[in-house]
Structures are given as C-alpha cells and as structure tokens.
Amino acid sequence: MNKVIITAALTGAVTVPTQTPYLPYTIEQLAEDAEQCARAGAAIIHIHARNPANGAPSSDMELFGEILKAIKARTDAVICTTTGGGVGMTPADRVRVVPMWQPELATCNMGSMNFSVHPAARRFSDSDYKFPWEKQWLLGSEDFIFPNTFASIKHFLVEMKKTNTRPEFEIYDVGHLYNLDFMVREGLVEKPIWLQFVMGVLGGIRATLYDLTHLLDTANRLFGPENYHWSVIGVGYPQQFHMCTAALMLGGHARVGLEDNIFVSRGKLGRNHELVEKIVRIAAEFDREPATPDEVRAFLNLKGKDQVGF
Ligand code: KMH
Ligand code: ZN
C-alpha cells in the first residue's frame, strides 16, 4: 500500500493535563479532536478513557462506551481501543473493553516491562499541577512494571477472537517480536499481522533509526515481509516526527498524537489535529497520501464500523 495509515492517539494514559492545555479528556473534547484528526487525514483513532472531571485515566466501561459512541457519531474513522490502560489497572480491567464494546481494532501489548515517565515530574513544581493526582502518577511510574504475561496476552487474544476484534500488536522491544512469534506458532494470530513499534518509552527500545531497522529485520525474519504491516510511534519530540518520517520512507505507517508527544515544533505545544496535519505534509513530500478508513478496513481485514458494540 503506497498510502499511509495515520493513527491519531488522542490522549493515552501517560500525558498529564499539566503538560499541555490541549490534552483532551472530556467526552466532547475527545469527540471534537477525533473529528478534526479524521478530517486532517487520520484513518485510525486510538482511544483511552479519562475521567471528564479531572483528566485521570479511567477503566470505567460505561464512560469508555460514551466516548466511543461520541466519536463514532462524528467520524467514520476506525476506532482502536487501548487494552494497555494505565498505571494501576489490572489486565482484567484493561481487557474488559473488548467483550463489552467489541471494537474493530484493539491494542495487544506484547511483553511485561518497566514503563516510566517519572523524569517528567522534574519539570514541575508542586504549584504547577492542575490536579492533585498528577504528581504521584508521574513519580509512581518509576516503580511500575507494565504487566503483560504470556497468560494475559493469550487471554486478550482469545477475547478479541470471540468478538472479531483485530489486534494491533504493541512492540516496545525486540523481545516482544519473539513473544509474538510464539503466539503465532500457538495458532493465536491471524494474518496480516498489524504491528505498532513503540519506540522511546523509558523501559523499552530507543527511538533511533538503528533500532527501527533492527526491529524491521527481526520482523522480516520471523514473519516474512508479506505477512505483516507496521506503523511506528516515536515517544517525545522530535522522535515522533523522526520515526514517522522514517516509516514514510521505508513503507511503514505512522502514529502521532498527544498520547506520545505534545510538541508540533520545537518548544511549541500542538493540538492533536496539528500533529496529524504535520505528518500529512511530510507524507506528501514522499508521495504518500493518507489512507481512508475504508481502505484501512480492507487492508487490515477489519469487520467494519457497523459490527462494533457501540
Ligand atoms: N502509550 C503508548 C506508549 C496501549 O494503549 O495499549 C502505547 C499504547 C499502548 O498506546
Ligand atoms: Zn494507548
């Protein structure tokens, strides 16, 4: 596919409201950002739920459903729900969105790991924080292990199969490709495999070209280039645009958004749709137009917008 699949990751569970006034966390803000990103060229909207009162990441399934419905009402984009959740959520909390709301696409995180954002707390003094939960959220991640055991990965894949939800495999390190290869050999994975390389998390692989080519070489060796498609996340600025530009050159796809990076240019905070617009501009220079949601559905063999549970 010469077109580029652009994912907009609107909010996540790591960025805190104090870092940027543009982080959407109410239902209306999330729906508005989703619509603007889809208009700008995003074909997939990646979603986490947040408490609309204070922006704290939430595993409330009713709230998650309200967000999904609001986004679906305003855009045709494919909605990819997180099953990564956020700090403190159990795998059981995280997977519940799949049986409950039966999305077209959901993440499947491919290994347990350290996952920390505690250095971000150094940039703020106590009086800077907008909400009381944020400081401890950032600092507490220094002691956080993101749990994705083989048993829970298997459980997530079985749940997704039941609802015909396709997994997006989040690959934070080379070993995660080997974990996925194990799941392929267990017969738990259908082709085409959709990989999201997550590069630059503190605890995972760095966001460098050297590391990206190593991931690609490994994926080619394990799965064969004809059996998978890939997209990339570069965490932080300028890594988001560096890794996505490399993907444009190498035939991959790109994820941008405030979940992963808050700057649109050096020192300038951006809105979600501005991050999408920037990667669309760069893509045009490489003769790669944004794929439409229906092209993505055909390309990734998704069940369709009318088959979701929201
Ligand atoms: N927060 C990103 C680094 C998920 O939601 O399951 C990875 C992510 C995973 O988006
Ligand atoms: Zn996410």
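Description of the structure in this document. Owing to the predicted nature of the structure, the values given are computational and were not obtained by experimental measurement. (Residues numbered from 1 in each chain as written. Chains lettered and ligands numbered in written order. Predicted model: local features only at pLDDT ≥ 70, side-chain atom pairs only at ≥ 80, totals over all residues. Heavy atoms only, no water.)

In terms of helices and strands, the protein chain carries 11 helices and 12 strands. In terms of overall dimensions, the protein chain is globule-like: its C-alpha atoms have a radius of gyration of 18 Å, near the 19 Å expected for 310 residues. By its C-alpha atoms, the protein chain is 50 × 45 × 40 Å across when sized along the principal axes. Within the protein chain, the proportion of its 310 residues that are buried is 59%. Intrachain contacts of the protein chain at a sequence separation of at least 6 include 76% that bridge at least 24 residues. Accessible surface, the protein chain: about 12500 Å² in total, of which carbon and sulfur atoms supply 52%. Averaging the coordinates of the 30 positive side-chain charges in the protein chain and doing the same for the 35 negative ones gives two points 1 Å apart. (Helix = DSSP H or I, 4+ residues; strand = E, 2+ residues; numbered from the N terminus. Rg over C-alpha atoms; globule rule 2.2 N^0.38 Å. Buried < 20%, exposed > 50% of the residue type's maximum accessible area, 1.4 Å probe, protein only. Contact = heavy atoms within 4.5 Å. Areas by Shrake-Rupley, 256 points an atom, 1.4 Å probe, with all protein chains shown as cover. Lys, Arg positive; Asp, Glu negative; His and termini not counted. Charge placed at Lys NZ, Arg CZ, Asp CG, Glu CD.)

Quick look at the sheet that holds strand β1 (residues 6-9) now. In space, the eight strands of this closed barrel follow the order β1-β2-β3-β4-β7-β8-β9-β10, with parallel pairing throughout. The sheet shows a mean angle of 25° between the axes of neighbouring strands, taken without regard to direction. By the bridge criterion, three bridges tie β1 to strand β10 (residues 253-256) in an arrangement that is parallel. The partner of Thr7 across the bridge, within β10, is Arg255. Sitting on the sheet, helix α10 (residues 272-285) is in contact with β1 and β10, with an inclination near 160° to β1. (Pairing = 2+ DSSP bridges. Axes fitted to C-alpha atoms, helices over the stretch in contact; angles between N-to-C directions.)

Before going further, it helps to spend a moment on α10. An α-helical turn contains 3.6 residues, so any two residues separated by three or four positions project in the same direction. A rise of 1.5 Å per residue sets the reference length of α10, with its 14 residues, at 20 Å; its end C-alpha atoms lie 21 Å apart and thus fit the reference within 8%. Burial in α10 covers these residues: Asn272, His273, Leu275, Val276, Lys278, Ile279, Val280 and Ala283. Packing partners of the buried residues in α10 comprise β1, α1 (27-40), α9 (239-250), β10 and β11 (263-265). In the stretch just after α10, Asp287 is the one whose phi turns positive, near 55°. (Expected span 1.5 Å × (residues − 1).)

Contact geometry for helix α7 (residues 174-185) and helix α8 (residues 209-223): axes closest at 10 Å, N-to-C directions at 15°. Taken together, the axes of α7 and α8 lie roughly parallel to each other. Relative to α8, α7 is oriented so that their crossing is right-handed. Residues Val174, Leu177, Tyr178, Leu180, Asp181 and Val184 of α7 form the contact with α8, whose participating residues are His214, Leu215, Thr218, Ala219, Arg221, Leu222 and Phe223. (Parallel < 35°, antiparallel > 145°, perpendicular 65-115°, else oblique. Left-handed = near helix turned anticlockwise from the far one by under 90°.)

As a further point, take the coordination of the zinc ion (ligand 2). Binding of the zinc ion (ligand 2) to the protein goes through His46 (NE2), His48 (NE2) and Glu259 (OE), at separations of 2.1 Å. Along the chain, the residues that donate to the zinc ion (ligand 2) are spaced as H-x1-H-x210-E. Of this pair, His46 sits in strand β2 (residues 44-47) while Glu259 is found in the loop between β10 and β11, placing the two residues 213 residues apart along the sequence. You'll find His46 and Glu259 in the same group, each marked buried. (Donors = N, O, S within 2.8 Å, 3.2 Å for Na, K, Ca; no water.)

By size, the foremost hydrophobic cluster in this structure holds 71 residues, and its most contacted members are Ile45, Phe169, Leu195 and Phe197. With residues up to four places along the chain from it excluded, the contact list for Leu195 reads Phe169, Ile171, Leu177, Leu180, Ala219, Tyr228, His229, Trp230 and Ser231. (Core = buried A, V, L, I, M, F, W, Y, C linked by side-chain atoms within 4.5 Å.)

Evaluation of the coordinates by the stated rule reveals 12 aromatic pairs. Arranged with centres 5.7 Å apart and planes meeting at 90°, the rings of Phe115 and Phe146 form a pair that is edge-to-face. A residue pair is termed long-range when its members are at least 10 positions apart, and Phe115 in the loop between β5 (113-114) and α5 (133-140) and Phe146 in strand β6 (residues 145-146) qualify at 31 residues. Where Tyr237 meets Phe263, the ring centres are 6.4 Å apart and the plane angle is 70°; that geometry is what we call edge-to-face. Taken together, the residues Tyr237 in the loop between β9 (228-234) and α9 and Phe263 in strand β11 connect sequence positions 26 residues apart. Exposure remark for Tyr237: the relative accessible area of 21% places this residue in the partly exposed category. Using a relative accessible area of 27% as the deciding quantity, one classes Phe263 as partly exposed. (Phe/Tyr/Trp six-rings, centres within 6.5 Å; stacked < 30°, edge-to-face > 60°.)

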